[in-house]
Amino acid sequence: MALMSGSAYKDSIKDLKLKSYAFGRRIDHPLEHELTGPAIEAVALTYDLALDPEYQDKITLISPLTGERINRLTHVYQSAGDLIKRFELMRDLTKRHGMCIGARCVSGNIMSALHTVTFLMQQKKGVPYHDRLLAFLQKVQSQDLSVAGCITDAKGDRSKRAVDQTDPDMYMRIVEEKKEGIVVRGAKFQISGATIAHELICMPTTAFREDESAHAVAFAVPVDTPGITYLHGAPAPDFRRFNGKDALDMGNRRYGVYNLAHIFFEDVFVPWDRVFMCGEAEYTHQLVSQTSPTFRCVTTSCKCGHRDLLLGGAAVIADYNGVGKAGHIMDKMTEMLFEGELAWGSIIAAATLGTASPSGSFYPNALMANVAKRQGTVAIWNVARLAVDISGGLIMTAPTSDDLAHPDLGPFIEKYMKANPGVSTADRLKMMRLMEYLTGIGCILLAESTQGGAPVVVQQMVIKGELSKRLEEYKKRVKELAEIAG
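A brief look at the structure comes next. (Residues numbered from 1 in each chain as written. Predicted model: local features only at pLDDT ≥ 70, side-chain atom pairs only at ≥ 80, totals over all residues. Heavy atoms only, no water.)

### Brief notes about the overall build of the chain
- Of regular secondary structure, the chain possesses 16 helices and 14 strands.
- The C-alpha atoms of the chain give a radius of gyration of 24 Å, which matches the 23 Å a tight globule of 486 residues would have.
- Projected onto the principal axes, the alpha-carbon positions of the chain cover approximately 75 × 75 × 50 Å.
- With 486 residues in all, the chain has 53% of them scored as buried.
- A sequence separation of at least 24 residues applies to 77% of the contacts in the chain between residues at least 6 apart.
- About 20700 Å² of surface is accessible on the chain, with carbon and sulfur atoms providing 55% of the total.
- With 55 positive and 56 negative side-chain charges, the chain shows a separation of 2 Å between the mean positions of the two kinds. (Helix = DSSP H or I, 4+ residues; strand = E, 2+ residues; numbered from the N terminus. Rg over C-alpha atoms; globule rule 2.2 N^0.38 Å. Buried < 20%, exposed > 50% of the residue type's maximum accessible area, 1.4 Å probe, protein only. Contact = heavy atoms within 4.5 Å. Areas by Shrake-Rupley, 256 points an atom, 1.4 Å probe, with all protein chains shown as cover. Lys, Arg positive; Asp, Glu negative; His and termini not counted. Charge placed at Lys NZ, Arg CZ, Asp CG, Glu CD.)

Structure, rendered in structure tokens:
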């Protein structure tokens, strides 16, 4: 079996016994739960689309590893074309679900970087890390598994390195090596899709020194491995999910919950065949450096898709408000398009200027990837601001479906909250609620666009570092043109 359906995916995770909690209560039935059910629907969409003949070229390919048709979300990038196909896919999928498919997304970036680093370690160290990774990847592809990627550690006191923390568990670490495998302890924070995946793949969150080798660990484990506890994030908009099911109240009713969890590893055993790095601190810098640009491009491509939804939503709400043809509305939407396409162009450039590694994996140009991520973050905030401006104040003050159905309140709402005579009040309110969601007032996507794939300050550091490398050459060139010596 190489591809499964959305219903088969749901069946495959419904009986997993996870220690998973939200709002202080254990989640026993993830398919029905208010906070996991919508995210499961978004991931199921990626399975169903892979079986759609009209969508097949966008989301599937023949695996160089298994020879079978696989989902592109389980593929290790091997060319600029592979990267661009993945970016186009992420943008299109976001326009379809308006949320996140983290249960299948981040892991591809990690596995592509591990593909390079395990290859080099195996050559240099003689440990079969690369063979293990290929075996794991073959399992993922042949069984069409969802794998959540885990990078961010708890980190403790940010002013101190891992070795200087009062509590050494602030960074994931190896606490014991056994004949059969290793034992790890620590936490991974803000992990998208962790509780609705089949597997977790973990890597270091930063580069480590030789005296921090216990933290240089990469591995994969099933999500229901003993010793793992999950705590869902609790953004305020999620509370609305417990108070009704009406589309008017939800915004993005079917898919719209950003599924993430903090994961606590309490002396978790990992067999050797699932260990891809064990103490090789000297390779952590390369692993992080190769994962980062790909991750930043992928998350930016998602945000480009979200920008497309914001642009469409702004156009619809302008029509519903009766001002769809106003010149200032078109000016604002033109600016929205401009902002997003700058980011899109940068990630295409990052892929085009990318590099093939000795193992055969391919990764984007780091400078352009960081430029793309920074612009993508700026764009999504600026576009959201313009969308709020176009929508009007009702985006934050819309009544509920219960209010609309109330015998005393309903008539007032129907009369006074109608704008365009050709649009029902209910449809206008539904669109307002969706715009509340898309602009980040009713979800965490705007904040995630800043923090996901590293905050803006990190991109600024990379860009600043590249500037330092180039500046002397640029200064030299202008002096030559001005005929100035020295």
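### Things to note about the environment of Gln 190
- Turning to its location among the elements, Gln 190 is positioned in strand E7 (residues 181-192).
- Using a relative accessible area of 46% as the deciding quantity, one classes Gln 190 as partly exposed.
- Residues Gln 190 and Asn 382, 192 residues apart in the sequence, show an inter-C-alpha distance of 24 Å.

### Comments concerning the nonpolar core
- In terms of nonpolar packing, the biggest core is built from 67 residues, with Leu 200 and Phe 265 touching the most fellow members.
- For this core, the element with the highest residue contribution is helix H5 (residues 102-125), accounting for 9 residues.
- Beyond its immediate chain neighbours, meaning those up to four positions away, Leu 200 contacts Val 147, Ala 148, Cys 150, Ala 194, Phe 219, Ala 220, Val 221, Val 223, Ile 228, Tyr 230, Ile 263 and Phe 265.
- The next biggest cluster of nonpolar side chains, apart from the first, holds 58 residues, and it includes Ile 59, Val 298, Phe 362 and Met 431. (Core = buried A, V, L, I, M, F, W, Y, C linked by side-chain atoms within 4.5 Å.)

### Quick notes on the state of the cysteines
- Under the definition given, this model contains 0 disulfides.
- Take Cys 105: it sits in no disulfide, and the sulfur closest to it among the cysteines is that of Cys 302, at 5.2 Å.
- Among the residues examined, Cys 105 registers a relative accessible area of 8% and is labelled buried.
- Looking at the unpaired Cys 150, the closest cysteine sulfur is the one in Cys 202, lying at 4.0 Å.
- In this structure Cys 150 comes out as buried when scored by relative accessible area, which is 0%. (Disulfide = S-S within 2.5 Å.)

### Re the packing of helix H2 (residues 37-50) against helix H4 (residues 80-97)
- Where H2 contacts H4, the two axes come as close as 11 Å, and the packing angle between them is 120 degrees. Our classification of the angle between H2 and H4 gives oblique. Of the two possible hands of crossing, H2 and H4 adopt the one that is right-handed. Contact residues: H2 offers Ala 42, Leu 45, Thr 46 and Leu 49, while H4 offers Leu 93, Arg 96 and His 97.
- For the contact of H2 with H4, the residue count by class is 4 nonpolar, 2 polar and 1 charged. (Axes fitted to C-alpha atoms, helices over the stretch in contact; angles between N-to-C directions. Parallel < 35°, antiparallel > 145°, perpendicular 65-115°, else oblique. Left-handed = near helix turned anticlockwise from the far one by under 90°. Nonpolar A, V, L, I, M, F, W, Y, C, P; charged D, E, K, R; others polar.)

### Points about unusual backbone geometry
- The phi dihedral of Phe 23 is positive, around 55 degrees, even though this residue is not glycine.
- In this structure, Phe 23 sits in the loop between strand E1 (19-22) and strand E2 (25-26).
- Assessed through its relative accessible area of 24%, Phe 23 is described here as partly exposed.
- Positive phi, close to 50 degrees, is recorded for Asp 267, a residue that is not glycine.
- Along the polypeptide, Asp 267 turns up in strand E11 (residues 260-271).

### Notes on the pattern of salt bridges
- Inspection of the entire model under this criterion finds 22 salt bridges.
- What you see here is one network of salt bridges that share partners, running through Arg 91, Lys 95, Arg 307, Asp 308 and Glu 341. (Salt bridge = Lys/Arg side-chain N within 4 Å of Asp/Glu carboxyl O.)

### Quick word on helix H14 (residues 425-438)
- Helix length check: H14, at 14 residues, gives a terminal C-alpha distance of 20 Å against a target of 20 Å (1.5 Å per residue), a fit within 8%.
- Here H14 lies mainly inside the structure; 10 of its 14 residues are buried.
- Phi for Gly 440, located one or two positions after H14, is positive at around 90 degrees. (Expected span 1.5 Å × (residues − 1).)

Note that all results are geometric; they support no functional claim without further evidence.
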